[in-house]
Amino acid sequence: MKHFVTGLIAAAVLATGAQAQQKIVVGHALSPTSHYGVGAQAFIDTLTELSGGTFTGEQAPAGQLGGERDMIEGLQIGSLDLVITSTGPLGNFVPEIFALDLPFLFRDYDHARAVLDGEIGQELLAKIGENNLVGLAWSENGFRHITNSQRPVTTPADLDGLKLRTMENKVHMTAFSGMGAAPTPMAFPELFTALQQGVVDGQENPVTVITASKFWEVQKYVSLTGHVYSPAAVLASPILIDGLTEEQKGWFMEAAKASAAATRAEVNRLEEAGVALLRENGMEVITDIDKAPFAALAEASYSVYTDQYGTEMVDRIKAVE
Ligand code: PAF
């Protein structure tokens, strides 16, 4: 029912005199002022400008249209136009994408962005295109860190038995089992209440998300583990894109690039300012973390990807300067 209603909104084509105007709905999981919100607005503004107003847009923020997995399904059946989503649930649709979710793979933001903006990123966008989705551009969520309500996490032993919400992603779940936590996959819209009610003790997300979601209201400790880089993708419905002219497709590509650039700029800003904000709001921030023992225990999760595809992609990613 939800998809049907949003489909009606997404497909709304308003006749305005001689020219038809089409409103594009951009779904995402976070607030309109978050890094995704900034990216969604950049998409809408760029598309509106390039198309001279033929296309307009509006955000459907904060998981209004469901969790990220629901929204991806919405794109496939054409009830949704456009989604900015982490890769969290994307591997369930395009298994090659699990390569990007491997823990401790990307060295830093420069490395991750070089991979996604280069040949590998293009190849993986093409794979998305083979699975009833259109991958327009790689955007960004950020390096993920662990928060919890129980104790400071500085070593894997501190994770022992901790009920930790993960994304619905088997690489991440295997990694956290290896590190000693009890991973509990859950869609993001359910997370705040689950933390509040103690259904789970903790979660892991980038500073961008921890601040946008005000997790300090329900979490005491944040450990800057940076255990995995979380890419985001700007995805469109093939049903929408197939109906466009070549010129219009070009506008969508340009708008997606502008969206990714705006989101990355916001990630950069929050990486600087966000940790101070966490402290100001009463979180204890643990910065002195030896990542090597976490990485050693998370290693087993690589086989989720390499058993199917071998190690070539992993080696190629590591080799990017
Ligand atoms: O934790 C998640 O599910 C994702 O990181 C989020 C917050 C939905 C952003 O893509």
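In this report, the structure presented in the accompanying data block is examined. (Residues numbered from 1 in each chain as written. Predicted model: local features only at pLDDT ≥ 70, side-chain atom pairs only at ≥ 80, totals over all residues. Heavy atoms only, no water.)

**Examining the overall build of the chain**
What counts, and what does not: For helices the rule is a DSSP run of H or I covering at least 4 residues; for strands it is a run of E covering at least 2, with both sets numbered from the N terminus onward. Both definitions apply: the radius of gyration is a C-alpha atom measure, and the globule rule equals 2.2 Å times residues to the power 0.38. Summary of the burial criterion: residues with accessible area below 20% of their type's maximum are buried, those above 50% are exposed, and those between are partly exposed, where the area comes from a 1.4 Å probe applied to protein chains only. Throughout, a residue-residue contact means that at least one pair of heavy atoms, one from each residue, lies within 4.5 Å. Note on areas: Shrake-Rupley, 1.4 Å probe, and residue coverage restricted to the protein chains presented here. For this count, His and the chain ends are skipped, Lys and Arg are scored as positive, and Asp and Glu as negative. Where a charge lies is defined by one atom per residue type, namely NZ (Lys), CZ (Arg), CG (Asp) and CD (Glu).
Scanning the chain from terminus to terminus reveals 13 helices and ten strands. Relative to the compact-globule value of 20 Å for 321 residues, the chain shows a C-alpha radius of gyration of 19 Å, a close match. Each principal axis of the C-alpha distribution contributes one length, and for the chain these read about 65 × 45 × 35 Å. Out of the 321 residues belonging to the chain, those deemed buried represent 55%. Of all intrachain contacts in the chain linking residues separated by at least 6 positions in sequence, the fraction that spans at least 24 positions is 74%. Entry remark: accessible area of the chain is about 12,700 Å², with carbon and sulfur atoms responsible for 52%. Charge centroids of the chain, computed over 21 positive and 39 negative side chains, lie 3 Å from each other.

**Quick notes on the environment of Leu102**
As for its position among the elements, Leu102 is in the loop between strand S4 (82–86) and helix H4 (109–117). Considered as a pair, Leu102 and Ser303 are 201 residues apart in the sequence and their alpha carbons are 9.7 Å apart. With residues up to four places along the chain from it excluded, the contact list for Leu102 reads Val171, Val228, Ser301, Tyr302, Tyr305 and Val314.

**Some details on the site of the ligand**
Test applied: By convention in this text, a residue qualifies as near a molecule or strand provided that one of its non-hydrogen atoms is within 4 Å of it. Definition of a polar contact: a pair of N or O atoms within 3.5 Å, with one able to donate and the other able to accept a hydrogen when the atoms are protein atoms, and with sequence-neighbouring residues admitted only if both atoms are side-chain atoms. Residue polarity is assigned by list, with Asp, Glu, Lys and Arg as charged and Ala, Val, Leu, Ile, Met, Phe, Trp, Tyr, Cys and Pro as nonpolar; anything else, Gly included, falls into the polar class.
Near the ligand, the surroundings consist of Ala29, Tyr36, Glu68, Ser86, Asn141, Arg144, Arg165, Met167, Phe188, Asn205 and Val209. Contact distances for the ligand include 2.7 Å between an oxygen atom and a side-chain N or O atom of Tyr36. Within the contact set of the ligand, an oxygen atom lies 2.7 Å away from a side-chain nitrogen or oxygen of Arg165. Across the complex, the protein chains shield 99% of the 290 Å² of accessible surface that the ligand would expose by itself. Along the lines of polarity and charge, the residues of the shell around the ligand split into five nonpolar, three polar and three charged.

**What about the packing of aromatic side chains?**
To keep it simple, the criterion reads: Pairing of aromatic rings covers Phe, Tyr and Trp, the last through its six-membered ring, and needs centres within 6.5 Å; plane angles under 30 degrees mean stacked, over 60 mean edge-to-face, and all others mean tilted.
Summed over the entire model, instances satisfying the criterion amount to ten aromatic pairs. Pairing Phe106 with Tyr229 gives two aromatic rings, centres 5.4 Å apart and planes at 65°, and the pair type is edge-to-face. A residue pair is termed long-range when its members are at least 10 positions apart, and Phe106 in the loop between S4 and H4 and Tyr229 in strand S9 (residues 221–236) qualify at 123 residues. For the pair formed by Phe106 and Tyr229, the shared burial category is buried. Plain terms: the ring middles of Phe192 and Phe215 are 6.3 Å apart, the flat faces sit at 20° to each other, and that makes the pair stacked. In this pair, Phe192 sits in helix H7 (residues 191–196) while Phe215 sits in the loop between helix H8 (207–212) and S9, placing the two residues 23 residues apart along the sequence. On the accessibility criterion, Phe215 (1% relative accessible area) is buried.

**Regarding helix H3 (residues 68–77)**
All of the buried residues in H3 are Glu68, Met71, Ile72, Gly74, Leu75 and Gln76. Count one or two residues on from H3 and you reach Gly78, which has phi positive near 80°.

**Observations regarding the side chain of Ser86**
Position of Ser86 among the secondary structure elements: in strand S4. With a relative accessible area of 1%, Ser86 lands in the buried category. Polar side-chain contacts of Ser86 include one of 3.0 Å to the backbone nitrogen of Gly88. Contacts of Ser86, omitting those with residues within four sequence positions, involve Tyr36, Glu68, Asn141, Met167, Ser230, Pro231 and Ala232.

**Overview of the pairing of S4**
Within S4, five of the five residues are buried, leaving the element largely enclosed by the surrounding structure. Residue alternation in S4 divides its side chains into two sets, Leu82, Ile84 and Ser86 and Val83 and Thr85, and both sets are buried.

**Focus on the environment of Phe294**
Positionally, Phe294 belongs in helix H11 (residues 291–298). A relative accessible area of 1% places Phe294 in the buried class. C-alpha separation for the pair Phe294 and Ser31, spaced 263 residues apart in sequence, amounts to 31 Å. For Phe294, the contacting residues outside a window of four places in its chain are Phe104, Val153, Thr154, Thr155, Pro156, Leu159, Met179, Thr225 and Ile289.

**Observations concerning the packing of helix H6 (residues 170–179) against H11**
For clarity, the threshold we go by: For helices, the axis comes from a line fit to the C-alpha atoms of the stretch in contact; other axes are also lines fit to C-alpha atoms, and the angle between any two N-to-C directions lies between 0 and 180 degrees. Roughly parallel refers to an angle under 35 degrees, roughly antiparallel to one over 145, roughly perpendicular to one between 65 and 115, and oblique to any angle outside these ranges. Note: crossing handedness is left-handed where the near helix turns anticlockwise from the far helix by less than a right angle, and right-handed where it turns clockwise.
Axis separation between H6 and H11 bottoms out at 7 Å; the angle between their running directions is 120°. One element, H6, and the other, H11, form an angle in the oblique class. Of the two possible hands of crossing, H6 and H11 adopt the one that is right-handed. From H6, Ala175, Gly178 and Met179 reach across to H11, where they touch Phe294, Leu297 and Ala298. Here the contact of H6 with H11 is built from residues that sort into five nonpolar, one polar and no charged.

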